[in-house]
Amino acid sequence: MIKASIRRVRRALLAAGATAVLAVGLLTATAGTSQAATQGPCDIYLAGGTPCVAAHSTTRALYGAYNGPLYQVRRASDNATRDIGLLSAGGYADAAAQDSFCAGTSCVITVLYDQSGKGNHLTQAPGGGAAGGPDNLANAFEAPVTVGGHKAYGVYVAPGTGYRNNNTNGIATGDQPEGMYAIFDGTHFNGGCCFDYGNAETNNLDTGNGHMEALYFGNNKSWGWGSGNGPWVMADLENGLFSGVNRGFNANDPSVNSRFLTAMLKGGPNQWALRGGDARSGGLSTFYNGVRPNATGYNPMHKEGAIILGIGGDNSKWAQGTFYEGVMTQGYPSDATENAVQANINAAGYNSGSTGTGTLTPGSRISLQATTAPCCTSHYLRHNDADNKVVISNTNSSSPTTDKADATWIVRAGLANTSCLSFESANNPGRFLRHFNYELYLDFDNGAGPFAQDATFCPTRGNSGVGTSFQSVNFPTKYLRHYNYTAYIASNGGSNSWDSGTSWAADTSWLAAQPLG
Ligand code: AHR
């Protein structure tokens, strides 16, 4: 096990080239310990002369020697908090500690600790010029993953969620050089402003061009975009998401959507670069490397040194995304150092947290099969394409690809209660099954309280004795039901036509099936 770990790190370093050689001392120095990884990205940045001044992760240590807390969770039942640490120094998150602390209730992530020793922790963002606050905190169960085979949780940013630190230590200001990287879920994004990680204003206001330098990920085209339909990694430099030297379009910034995405940004006097790659394998591509944008206010820069996650500099909080780890450095990292960091990220072994398919475990992909015979046993719950209604329709493996995808759901921990479940559309990330006036729709999670309630269903034994029924969390007498091929929440007898007692038990009982799409 230890030998395999060392081999993995050694392979990663060899793949990374020259800079990796600098890190071999670290490797041999700690080879006798029992941890999974003997060095982290911040050891590599340090060896390259550009130390981390902020290092945030909910999944793993970012230094080989780090053995402190990664993040803090708060549970709803009694508002108690708990720091979540590591399984061993330099290793992976102790996700089981979160599971047991939050059992039977829900938890949010309250603090992302800074591992760099600079005290640059991230906490709940306050209101700002664009939107009031405080912002929402991330549900601690929404982004399950495995890293190096170990269960962990990322930071799932629904619109309205944001973290900030306006009182930092060692983060670049003015035109000082810095670098940063983050690992995002490349399939979780939107066009809202602005899913960012990096340097921003210290007063939560838009203080002008060049006052930010943060990684952005999503398909917002208000300021800049790249080739294809997005999403893109861009630089949020304030009043502009830049995909290259021009405002607007830059062809060299590609659409990127690998499940785990490494995004990198660095900036110094009249110089900056944007890079990215698949966090699971392969190297980095350079999307831009050159002078500051040809627009006023960005040269020299006016960085202020706050750190944001999930929001824009002025607390614009309409974006969504998922963050697993990220750092900010002092100084402009070399490409070779960044390549070595990418090799380290590859070796960490990020994987989907899905524990299988066709199961009601958060992260799993499923299709929900109706059980009412004889009409409906080949029908599956799906969203329409023409409108946002939810129906059942006859679907099988030979159905058109879109139909199969429309009938496929990603199981999520319940947005309003993590002991229950929510269902995110597999082909419309960020849109969830929810009821409105007792009818089911596919809607965006807008971060507002009622949405979470309307989108949360508690699984119970099937009302007909078959499969599973899904009880509405805010209308507990009502269950997810199909009626005349349309989906509702329905009670067994009631004022709506779909509350009819005829076939109610069968109509509210579903099979969690293998995903069609
Ligand atoms: O630069 C894009 C966004 O513009 C910033 O994040 C925000 O502060 C402003 O609204």
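Heads up: the structure comes first, above all this text.
Described in the following lines is the structure provided in the data block. What you see as residue numbers is a count from 1 along each chain, following the sequence as written. The predicted nature of this model means local features are confined to residues of pLDDT at least 70 and side-chain atom pairs, given and counted, to a pLDDT of 80 or more, with totals for whole chains, interfaces and linings taken over all residues. Hydrogens and water are ignored here; the side-chain numbers use all heavy atoms of the structure.

Once that is clear, we can look at the state of the cysteines. By definition, disulfides here are pairs of cysteine sulfur atoms that lie within 2.5 Å. With the rule as written, the count across this model stands at five disulfides. Linked covalently through their sulfurs, Cys102 and Cys107 form a disulfide whose S-S length is 2.0 Å. Given an S-S torsion of about -95°, the disulfide between Cys102 and Cys107 has left-handed geometry. Partly exposed residues are those whose accessible area sits between 20% and 50% of the maximum for their type, while under 20% is buried and over 50% is exposed, using a 1.4 Å probe and protein chains only. Using a relative accessible area of 3% as the deciding quantity, one classes Cys102 as buried. A disulfide bridge connects Cys420 with Cys458, and the sulfur atoms are separated by 2.0 Å. Handedness of the Cys420-Cys458 disulfide follows from its S-S torsion of about 85°: it is right-handed. Of this pair, Cys420 sits in the loop between β26 (409–413) and β27 (421–425) while Cys458 sits in strand β30 (residues 457–461), placing them 38 residues apart in sequence. Like Cys420, the residue Cys458 is buried in the burial classification. Cysteine pairing in the protein chain follows 1-2, 3-4, 5-6, 7-8, 9-10, where each cysteine in a disulfide is numbered by its order in the sequence. The way it works is that DSSP assigns letters per residue, a run of H or I at least four long becomes a helix, a run of E at least two long becomes a strand, and they are numbered from the N terminus.

Bringing unusual backbone geometry into the picture now. Omega for the bond connecting Gly133 with Pro134 falls within 30 degrees of zero, at -5°, which places this linkage in the cis form. Its location among the elements puts Pro134 in the loop between β5 (122–124) and β6 (144–147). For the bond running from Gly230 to Pro231, omega is 5°, close enough to zero to count as cis. Structurally, Pro231 is set in the loop between β13 (224–225) and β14 (232–236). The backbone of Asn484 sits at a positive phi, close to 50°, despite the residue not being glycine. Assignment of secondary structure puts Asn484 in the loop between β32 (479–483) and β33 (486–490).

Moving on, we come to the site of the ligand. We call a residue near a molecule or strand when any one of its heavy atoms sits within 4 Å of it. Contacts to the ligand come from 13 residues, most closely from Asp236, Glu238, Asn239, Gly240 and Asp314. As used in this structure description, the phrase polar contact means that two N or O atoms lie within 3.5 Å; if the pair is within protein, one of them must be able to donate a hydrogen and the other to accept it, and residues adjacent in sequence are counted only when both atoms belong to side chains. The side chain of Glu238 places a nitrogen or oxygen atom 2.8 Å from an oxygen atom of the ligand. Contact with the protein chains hides 95% of the accessible area of the ligand, taken as 290 Å² for the molecule alone. Surface exposure here means Shrake-Rupley accessible area, sampled with a 1.4 Å probe, where a residue is shielded only by the protein chains that are shown.

Another point: the packing of aromatic side chains. Working definition: a ring pair exists when centres of Phe, Tyr or Trp rings (six-membered ring for Trp) sit within 6.5 Å. Plane angles under 30 degrees give stacked, over 60 give edge-to-face, the rest tilted. Enumeration according to the criterion identifies 17 aromatic pairs in this entry. Measuring from centroid to centroid gives 6.3 Å for Tyr45 and Tyr181, while their planes differ by 15°, and the two rings are stacked. Of this pair, Tyr45 sits in helix α3 (residues 41–47) while Tyr181 sits in strand β10 (residues 178–185); the two residues are 136 residues apart in sequence, bridging distant segments of the chain. For the pair Tyr45 and Tyr181, one class covers both residues: buried. Note on Phe432 and Phe451: the rings are 6.4 Å apart at their centroids and 80° apart in plane angle, and the pair reads as edge-to-face. Of this pair, Phe432 sits in strand β28 (residues 431–436) while Phe451 is found in helix α7 (residues 449–454), placing the two residues 19 residues apart along the sequence. Classification of Phe451 as buried rests on a relative accessible area of 3%. Grouped by ring-pair contacts, the aromatic residues Phe184, Phe189, Phe195 and Phe217 constitute a single cluster. In our convention, an over-ring charge means Lys NZ or Arg CZ found within 6 Å of a ring centre and within 35 degrees of that ring's normal. One cation-aromatic arrangement involves Arg75 over Phe101; the distance from NZ or CZ to the ring centre is 4.1 Å.

The subject of this paragraph is the pattern of salt bridges. A carboxyl oxygen of Asp or Glu within 4 Å of a side-chain nitrogen of Lys or Arg is what we treat as a salt bridge. Considering all chains together, one arrives at 21 salt bridges under this definition. One salt bridge connects Glu178 with Lys303, and the closest N-O pair in it is separated by 3.9 Å. One end of the pair, Glu178, is in strand β10; the other, Lys303, is in the loop between β19 (285–290) and β20 (306–309), with 125 residues separating them in the sequence. Put simply, Lys303 and Glu213 hold a salt bridge, and the shortest N to O gap is 2.6 Å. Taken together, the residues span a long stretch of sequence, with Lys303 in the loop between β19 and β20 and Glu213 in strand β12 (residues 213–218) at a distance of 90 residues. Side by side, Lys303 and Glu213 carry an identical accessibility label, which is buried.

We now examine the environment of Ala407. Of note, Ala407 is situated in the loop between α6 (401–406) and β26. Expressed as a C-alpha distance, the spacing of Ala407 and Ala97, which sit 310 residues apart in the sequence, is 34 Å. Leave out the neighbours within four places in its chain, and Ala407 touches Ile366, Ser367, Tyr380, Leu381, Arg382 and Leu516. Contacts are assigned to residue pairs that have any heavy atoms within 4.5 Å of one another.

For the rest of this paragraph, the subject is the sheet that holds strand β7 (residues 150–153). When DSSP finds two or more bridges between a pair of strands, those strands are recorded as paired. Spatially, three strands are ordered β7-β6-β22 in an open sheet, and the strand pairing comes out antiparallel. In this open sheet, the two strands that pair with only one neighbour each are β7 and β22 (350–352). Averaged over neighbouring strand pairs, the angle between their axes works out to 40° when direction is ignored. Taken together, the four bridges between β6 and β7 define a ladder with antiparallel strand orientation. By the bridge assignment, Val145 is partnered in β7 with Ala152. With axes taken as lines fitted to C-alpha atoms, and helix axes fitted only over the stretch in contact, angles between N-to-C directions fall between 0 and 180 degrees.

On to the environment of Pro300, then. Along the chain, the position of Pro300 falls in the loop between β19 and β20. When its relative accessible area of 44% is taken as the criterion, Pro300 is described as partly exposed. When the C-alpha atoms of Pro300 and Gly290 are compared, they prove to be 14 Å apart, with 10 residues separating the residues in sequence.

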